[in-house]
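# Analysis of the macromolecular model
Each chain, letter by letter, is given below.
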Amino acid sequence: MGINKEKYQQINEELRLSKITLVAVSKTKPIDDILELYNLGHRDFGENYVQELVEKAEELPKDIRWHFIGHLQSNKVKLITSFIYLLHGIDSLKLLKEIDKQAEKNKRVIDCLLQVHIAQEETKFGFDEAELLSLELKQFANVRIKGLMGMASLTDDTNKIRIEFKSLKTLFEKLKTQNPELTTLSMGMSADYKIAIEEGSNMVRIGSLLFGERNYESK
Ligand SMILES: *Cc1c(COP(=O)(O)O)cnc(C)c1O
């Protein structure tokens, strides 16, 4: 229990110098651990499960910027639209439509990242390159697409991970030529964030390095 304060300060310093945003992934971790990091000045936290996020957001300070990084189901969008700061894992047009609808009800414009399928594994969610390049990003009045998010394969093969991140960065740049307002490339987790940064990430999502190992894995 408790956070790894030294690791946090080390990573934070590393990222601050290169203006990379650190999203502290607090899924499954208790309120007290989040508060510990909050009291060190941290404000960006990431969660994967809607119910858990809603409960934590109610209890914790209102100036926390909550990132939803899990797989979001359309029927749960309405539970977080009033307060969510950034949605990372958008993987379908249907989901975008629902976010737009709920955002409008809340009189908000919600920032989103489109998830790209970069890993070789079949199980990962996300758009592929052709779908992305043909998507009209500005078709929803209450959704602002800020960039892309991706997850590399779970493997020890760092070369494979690097190739996957490189392909996401290339796609991001390609998309930016049509949509210069895009700013954010969310890639990199505890095990691979250094490679992600070398390949051009400007937002990393780090959990276990800061909070310790989790008891249950992401669903
Ligand atoms: C859990 C999770 C993370 C953080 O993983 P760690 O390996 O603990 O750093 C990052 N991104 C997503 C999408 C996750 O589900």
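Residues numbered from 1 in each chain as written. Predicted model: local features only at pLDDT ≥ 70, side-chain atom pairs only at ≥ 80, totals over all residues. Heavy atoms only, no water.

Here the focus is the environment of Glu 47. Within the secondary structure, Glu 47 sits in strand 2 (residues 44-47). Assessed through its relative accessible area of 0%, Glu 47 is described here as buried. Setting aside its immediate chain neighbours within four residues, Glu 47 contacts Ser 26, Lys 27, Thr 28, Ile 34, Glu 52, Leu 53, Lys 56, Trp 66, His 67, Phe 68, Ile 69 and Gly 70. A distance of 2.7 Å separates the side chain of Glu 47 from the side chain of Ser 26, its partner in a polar contact. (Helix = DSSP H or I, 4+ residues; strand = E, 2+ residues; numbered from the N terminus. Buried < 20%, exposed > 50% of the residue type's maximum accessible area, 1.4 Å probe, protein only. Contact = heavy atoms within 4.5 Å. Polar contact = N/O pair within 3.5 Å; in protein donor to acceptor, adjacent residues only side chain to side chain.)

Further remarks concern the site of the ligand. Taken together, 13 residues lie near the ligand, and Lys 27, Asn 48, Ser 190, Ser 208 and Arg 214 sit nearest. Within the side chain of Lys 27, an N or O atom sits 2.8 Å from an oxygen atom of the ligand. Coverage of the ligand by the protein amounts to 93% of the 390 Å² it exposes when considered alone. In the shell around the ligand, the residues fall into six nonpolar, four polar and three charged. (Near = heavy atom within 4 Å. Areas by Shrake-Rupley, 256 points an atom, 1.4 Å probe, with all protein chains shown as cover. Nonpolar A, V, L, I, M, F, W, Y, C, P; charged D, E, K, R; others polar.)

Helix length check: helix 5 (residues 93-105) (13 residues) gives 19 Å between terminal C-alpha atoms against 18 Å at 1.5 Å per residue, within 8%. Every buried residue of helix 5 is listed here: Leu 95, Leu 96, Glu 98, Ile 99, Asp 100, Gln 102 and Ala 103. Structurally, helix 5 contributes buried residues whose contacts are with helix 4 (77-80), strand 4 (86-90), strand 5 (110-116) and strand 6 (143-150). After helix 5 finishes, the residue Lys 107 shows a positive phi value of roughly 50°. (Expected span 1.5 Å × (residues − 1).)

Moving on to the packing of aromatic side chains. Each aromatic ring pair is described using two quantities: the centre-to-centre distance and the angle formed by the ring planes. One pass over the full model with this rule turns up one aromatic pair. Seen in terms of ring centroids, Phe 45 and Trp 66 are 6.1 Å apart; in terms of plane orientation they differ by 45°. Their pairing is tilted. Pair noted here: Phe 45 is in strand 2 and Trp 66 is in strand 3 (residues 65-68), with a separation of 21 residues, a long-range link. For Phe 45, a relative accessible area of 0% corresponds to the buried category. With a relative accessible area of 2%, Trp 66 lands in the buried category. Between Arg 43 and the ring centre of Tyr 38, over which it is positioned, the NZ or CZ distance is 3.6 Å. (Phe/Tyr/Trp six-rings, centres within 6.5 Å; stacked < 30°, edge-to-face > 60°. Lys NZ or Arg CZ within 6 Å of the ring centre and 35° of its normal.)

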